[in-house]
Structure formats: C-alpha cells, structure tokens
Amino acid sequence: MGKSVVITGAGGVLCSAFAAEMSRCGMDVALLDRNLEAAEKEAEAIRRAGGSARAYEADVLDRAVLEKVREQVHADFGPCRILINGAGGNSPRCTTDKETYEPGDETALASFFSLDKAGFDFVFDLNLMGTLLPTQVFARDMTEAGGGCIVNISSMNAFRPLTKIPAYSAAKAAVSNFTQWLAVHFAQAGIRVNAIAPGFFVTNQNRALLFDEAGNPTPRTEKILRATPMNRFG
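Description of the structure in this document. Sequence order sets the numbering: in each chain, residues are counted from 1 along the sequence as written. In view of the model being predicted, local features appear only for residues whose pLDDT reaches at least 70, and side-chain atom pairs are presented and counted only at 80 or more, with totals across whole chains, interfaces and linings using the full set of residues. Working from all heavy atoms in the structure, the side-chain values ignore hydrogens and water.

### Considerations on the sheet that holds strand S6 (residues 191-196)
Sheet strands associate in pairs through backbone hydrogen bonding, adopting either a parallel or an antiparallel arrangement.
Okay, step 1: For two strands to count as paired, DSSP must find a minimum of two bridges between them. Note on conventions: DSSP H or I runs of at least 4 residues are helices, E runs of at least 2 residues are strands, and numbering of each starts at the N terminus. Strands sit in the order S3-S2-S1-S4-S5-S6 across an open sheet of 6 strands; the sheet is parallel. On the outer flanks of this sheet lie strand S3 (52-57) and S6, each paired with one strand and no other. Between one strand and the next, the sheet's axes are offset by a mean angle of 15°, whatever the strand orientation.
Okay, step 2: Sheet topology note: the strand S4 (residues 80-85)/strand S5 (residues 148-153) ladder contains 4 bridges and is parallel. All axes are obtained by fitting lines to C-alpha atoms, using only the stretch in contact for helices, and the reported angles, taken between N-to-C directions, cover 0 to 180 degrees.

### Re the environment of alanine 118
Okay, step 1: If you trace the backbone, alanine 118 turns up in helix H4 (residues 117-145).
Okay, step 2: Accessibility expressed as a relative area gives 36% for alanine 118, which makes it partly exposed.
Okay, step 3: Residues alanine 118 and arginine 93, spaced 25 residues apart in sequence, show a C-alpha to C-alpha distance of 8.0 Å. Working definition: with a 1.4 Å probe on protein chains only, accessible area under 20% of the residue-type maximum means buried, over 50% means exposed, and in between means partly exposed.

### What to know about a nonpolar patch on the surface
Okay, step 1: Any residue with relative accessible area above 30% and no salt bridge may belong to a patch, with like charges joined within 9 Å and the nonpolar Val, Leu, Ile, Met, Phe, Trp and Tyr side chains within 5 Å. For accessible areas, the Shrake-Rupley method is used with a probe of radius 1.4 Å. Any residue's cover is judged against the shown protein chains and nothing else. The term salt bridge refers to a side-chain nitrogen of Lys or Arg lying within 4 Å of a carboxyl oxygen of Asp or Glu. Together, Tyr101, Phe112 and Phe113 give the surface a local cluster of nonpolar side chains, amounting to about 380 Å² of exposed area.
Okay, step 2: In this fold, phenylalanine 113 is placed in the loop between S4 and H4.

### Overview of the pairing of strand S2 (residues 28-33)
Okay, step 1: For S2, the tally of buried residues reaches 6 of 6 residues, placing the bulk of the element in the interior.
Okay, step 2: Of the two faces of S2, the one carrying Asp28, Ala30 and Leu32 and the one carrying Val29, Leu31 and Asp33 are both buried.
Okay, step 3: Across 5 bridges, strand S1 (residues 4-8) lies against S2 in parallel orientation. Within S2, the residue paired with isoleucine 7 across the bridge is leucine 31.
Okay, step 4: Whether a crossover is right-handed comes down to one check: with the strands pointing away from the viewer, does the path from the first strand over the helix to the second run clockwise; if it does, it is right-handed. A crossover connection joins S1 to the parallel S2 through helix H1 (residues 13-24); in handedness this β-α-β unit is right-handed.
Okay, step 5: The β-α-β motif built from S2, the intervening helix H2 (residues 36-48) and the parallel element S3 has right-handed crossover chirality.

### Observations concerning unusual backbone geometry
Okay, step 1: With phi around 60°, alanine 110 is a residue other than glycine that occupies positive phi space.
Okay, step 2: Looking at where alanine 110 falls in the secondary structure, it is placed in the loop between S4 and H4.
Okay, step 3: The residue lysine 164 is not glycine, and still its phi comes out positive at about 80°.
Okay, step 4: By secondary structure assignment, the location of lysine 164 is in the loop between S5 and helix H5 (166-185).
Okay, step 5: The class of lysine 164 is partly exposed, set by a relative accessible area of 23%.

Spatial relationships are all this shows, so hold off on functional conclusions.
Written out as structure tokens, the structure is:
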C-alpha cells in the first residue's frame, strides 16, 4: 500500500506501456479509461506477469466520477503517489482536408474556414481539461503526503505542429504550458511536475491516417518521415 500510480487513458497504446513499465518498477497500478474493457485487458496482462493492477472506468472530464475513482483507488492501493495524465486525442471535426490553403477554401467543406467550434472545444477539453481535472483530484494525495510526481503527456505537435490538425497541436501546446505553470505552483509542496512529448506512434486513432489497408505507409507518412529526424522525434 502507498506506492500507487494512477494512469488515465490507460487502455491506449502508449499509456498501457507506461502501466506495464510502472508495474515492473514495483508500483500498484490503477488504470483509468472510459473504455473499461480495454483497461481491464491491460490490467489483466499486468497481473498475469506478476504485477499489481486494477482497472477503473473513468471519464477524465467528469470530476464527480474521478472523485469516486479516487476513493476506490484508496481502498485498493492507498493514496496516489504518481499521476500520469495520458488521456487525450483529436477529432475529425476539427481536421482540415488540405495541408495548405487553396483558393475557394472559403466556401469548401473541411477547410480551415469550416472547422467546427464544437470539435475544437472537444479536443481542448479532452487534452487540457482532461489533464487539469485528474490533477485537481489526485494531487491532493500528494500534498497530504508532502510529495509526489505528476507526468503529463504532451506531444511534439506542441512544438512543431503538423498540418491538418490545428486543434490537437494547440491543445497539446496548452498542456505543455500548463505543465510549466503547475511545476512552479507545486514546487514548494515537493511535487515534481513534468511532461513527455512523444513523437509518432501507431495507435487506433491514427492508424488509418498513417497506413493504407495493405499496411503500407501513406504519402502523408512518407512526408512526415522525410521531414522528421528520427533522432529527435523517436
């Protein structure tokens, strides 16, 4: 008890890997995800490997739900010592169909001028508020204990935005900025706050964008690889 790590978005590709690695480091792992089945699958894999893990259904945009999950984690593993804010993503409602402006885009569908505000709101809420709310809930454990660690998942898009996905790039930039603010805010409380900015990983969200049905890289992927030094972006 008392060495628990809480990971949001834990049913996904990146955060499930984080969960498995934290288990190998001896942590009790609380895997939070809206998709309970996906989180439970990863938790079961950790338990089969001899680790300690439980899955919890949680919407990172619902503080009341997060508070209930915090109580469950306390009962199962004790207070949260490490929080990894991994929940996030993009939406096709705020993705342009062209990389650069072309005449006529002012009235075209899926152009910059027709981007959906609700889509932008969703992406900002999921990435930024989905980092803020779990931190507000679980960082209380750390202030009470006199220390802890928070890791937010940003993206290289925060520093070098990709074309077509302005909302996601801007939202991740907000996560990076919020991380810097939070690090100063909690410095005197003994809570370390950092962010990881991953490069390109194949996930369920971007698989169709990066590869065709035969599994070959799309022209967009080839362009990304040519423009992205591997030693910088992984």
